[in-house]
2 protein chains.
Amino acid sequence: MSLVIVGSVALDSVKTPFGSVKNALGGSAVYASMASKNFCQTHIVGVVGNDFPKEHINLLESNKISTTGLEFANGNTFKWKGVYNDLNKAETLDTQLNVFADFNPKIPENYQKCKYLFLGNIHPKLQLEVLQQMKSCQISACDTMNYWISSKRDKLLKVIEKVDILFINENEIKMLTDEQNIFIAAQKTQEMGAKLIIVKRGEYGAVAIMNDFIFFTPIFPVKKVIDPTGAGDSFAGGFMGYLSQQNKFDETTIKNAMIYGTITASFNVEDFSLNKLQKIDFEMIEKRKEAVKKSVVF
Amino acid sequence: MSLVIVGSVALDSVKTPFGSVKNALGGSAVYASMASKNFCQTHIVGVVGNDFPKEHINLLESNKISTTGLEFANGNTFKWKGVYNDLNKAETLDTQLNVFADFNPKIPENYQKCKYLFLGNIHPKLQLEVLQQMKSCQISACDTMNYWISSKRDKLLKVIEKVDILFINENEIKMLTDEQNIFIAAQKTQEMGAKLIIVKRGEYGAVAIMNDFIFFTPIFPVKKVIDPTGAGDSFAGGFMGYLSQQNKFDETTIKNAMIYGTITASFNVEDFSLNKLQKIDFEMIEKRKEAVKKSVVF
């Protein structure tokens, strides 16, 4: 099965204790697509400006990501500038929405029949519009952020009502539900509609919760985190890519999707931008899977 | 094999969002002993005052904990008063060391031949003195805290040099090693002497690290945390109790010890003081073990 990924496409300028990049390829849709492409046919939907380098398109296409859904608009590409003094927390120095401000995702006809959908962190109004354009979606997932929870709560609740899977940070789910215990918070979120809640906990890994089913995954302990940008998106992309490939939604499949998400994210943080994700193959992924197994199975 | 546990014996006054207790039985040695007694013959070493209720001694003895090592001193028992507004963080309102201020642990002769030792969080000078009194200790473990790391670092380093296992909080190991990455921090701590480092991460569970061996355990998600007091000590007690029972120090044994520690701690937080730990049996523990297995094995 193939997967449609909608989200931001960005040019990121990032500084971490280990170096910096300027106007490097980034954005939620890009990170998620470069993660999912290891598992399934991936279709990206996003908007870029006139300044978007052709080499970035080439990179996506050479990784077998379909770019028919990339819209070219007049103006500059979305730009984000951030610094990580602490590797667990990004500090935004500058955000220029540019063409992303008027992003109005149009799903190409051949994408509309895809059975899997991942909505990156964009305005919930746009997430709803994408959901309406999909003709025979089987499993839809979305990500969100604190800004939409506080300022566009009504629209976001409509999205949560419709999607099957919600990816959300630990602090965000507490904020969404006004509940400190994440297991109770997840239960409350399920009552809003989404079937499976995936709580992302940064360096502590992630938890999947669906009724009585709970599955914890730790992080894969990489020797050196170079740049955490896109960790959450590459986790979601790896998860959704594996899920689309399996075309099942049982507990075993969800557990494995969590592990593949974690491993894909662990590669992503080992270099800036998409530098590492473009170099990994299935053998490398499977090797880390064995290591993760050893670190949790008793 | 049997286990000697040295630490504080306290009368705790605790308030949480779910109620409060006054002068209830507590202290690191008590929590650890009531956790380990499920697995092995446990010997407690500590000091209490004239005000220490006989019923607490009865409780320990009826749980087959040997109390020969409990010293009765003139004065009042160590008292701690704390409040949890956030269940993840205790706020100390009052500490009265009382007889604990002059605690000078004397290990009874029949304890000195025990092969397993757990040193609760006490002055590293006392921890060293206990280590010297043990005649044929096979595996020793210690806990510590930020106060000793900053104010008695030299003595603490001597303890870490001698023990086999160090139980330490995530923030404390960062402080001890001046390193933010806990895997590198654990490596640095191993270089100080301890073979196995167990990093406690509160609601995120714990990690065991020994050279290339890494094992993560999540928490067991209890429905309602009533009182987190003693969670770390009951974790360490459950861990050490299982280890003493097995009399092995291989990876499989360490993994299982981590799981039994986690489960014992999960029961402990479900009620105030030792109210829950005195009610659990091996069948209840095994049932949670199956649930933990389902939540991590893939």
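In this text the structure is predicted, and so the values were computed from the model without any measurement. (Residues numbered from 1 in each chain as written. Chains lettered and ligands numbered in written order. Predicted model: local features only at pLDDT ≥ 70, side-chain atom pairs only at ≥ 80, totals over all residues.)

Q: Lay out the sheet that holds strand 3 (residues 19-26) of chain B in plain terms, naming residues and giving numbers.
A: Residue and element names in this part refer to chain B. Pairing is mixed across the open sheet formed by four strands, whose spatial order is 3-2-6-7. A strand with exactly one partner marks an edge of an open sheet, and here the two such strands are strand 3 and strand 7 (89-96). Geometrically, the sheet is characterised by an average inter-axis angle of 20 degrees between neighbouring strands, direction not taken into account. The pairing of strand 2 (residues 10-16) with strand 6 (residues 78-86) spans six bridges and is classified as parallel. Paired with V14 across the strands is G82, a residue of strand 6. (Pairing = 2+ DSSP bridges. Helix = DSSP H or I, 4+ residues; strand = E, 2+ residues; numbered from the N terminus. Axes fitted to C-alpha atoms, helices over the stretch in contact; angles between N-to-C directions.)

Q: Account for the pairing of strand 9 (residues 139-143) of chain B, naming residues and giving values.
A: Residues and elements named next belong to chain B. Taking burial as the measure, the five residues of strand 9 include five buried ones, the bulk of the element. Regarding topology, helix 4 (residues 124-133) serves as the crossover connection from strand 8 (residues 116-119) to the parallel strand 9, and that connection is right-handed. Here strand 9 pairs with strand 10 (residues 165-169) via three bridges, running parallel. Within strand 10, the residue paired with D143 across the bridge is F167. (Buried ≥ 20, exposed ≤ 12 C-beta atoms within 10 Å, placed from the backbone. Right-handed = clockwise from strand over helix to strand, strands pointing away.)

Q: Can you explain the relation of the copies chain B and chain A? Please cite residues and give values.
A: Superposition record for chain B on chain A: RMSD 0.0 Å, screw rotation 180 degrees, translation along axis 0.0 Å. Each copy turns onto its partner about a two-fold axis. The rotation axis passes nearest to the C-alpha of V297 of chain B in chain B, at a distance of 2.7 Å. Most of the interface of chain B is mirrored in chain A, where 100% of its interface residues again form contacts. (Least-squares fit on C-alpha atoms with pLDDT ≥ 70 in both. Contact = placed C-beta atoms within 7 Å.)

Q: Describe helix 6 (residues 153-162) of chain A, listing the residues and the values that go with them.
A: Residue and element names in this part refer to chain A. Along helix 6, the residues classified as buried are L156, V159 and I160. For helix 6, the buried positions fall inside an angular range of 100 degrees around the axis, keeping them on one side. Along helix 6, exposed side chains directed more than 90 degrees from the buried face belong to D154 and E161. Contacts made by the buried residues of helix 6 are with helix 4 (124-133), strand 9 (139-143), helix 5 (146-151), strand 10 (165-169) and helix 8 (182-192). (Arc of directions from axis to C-beta.)

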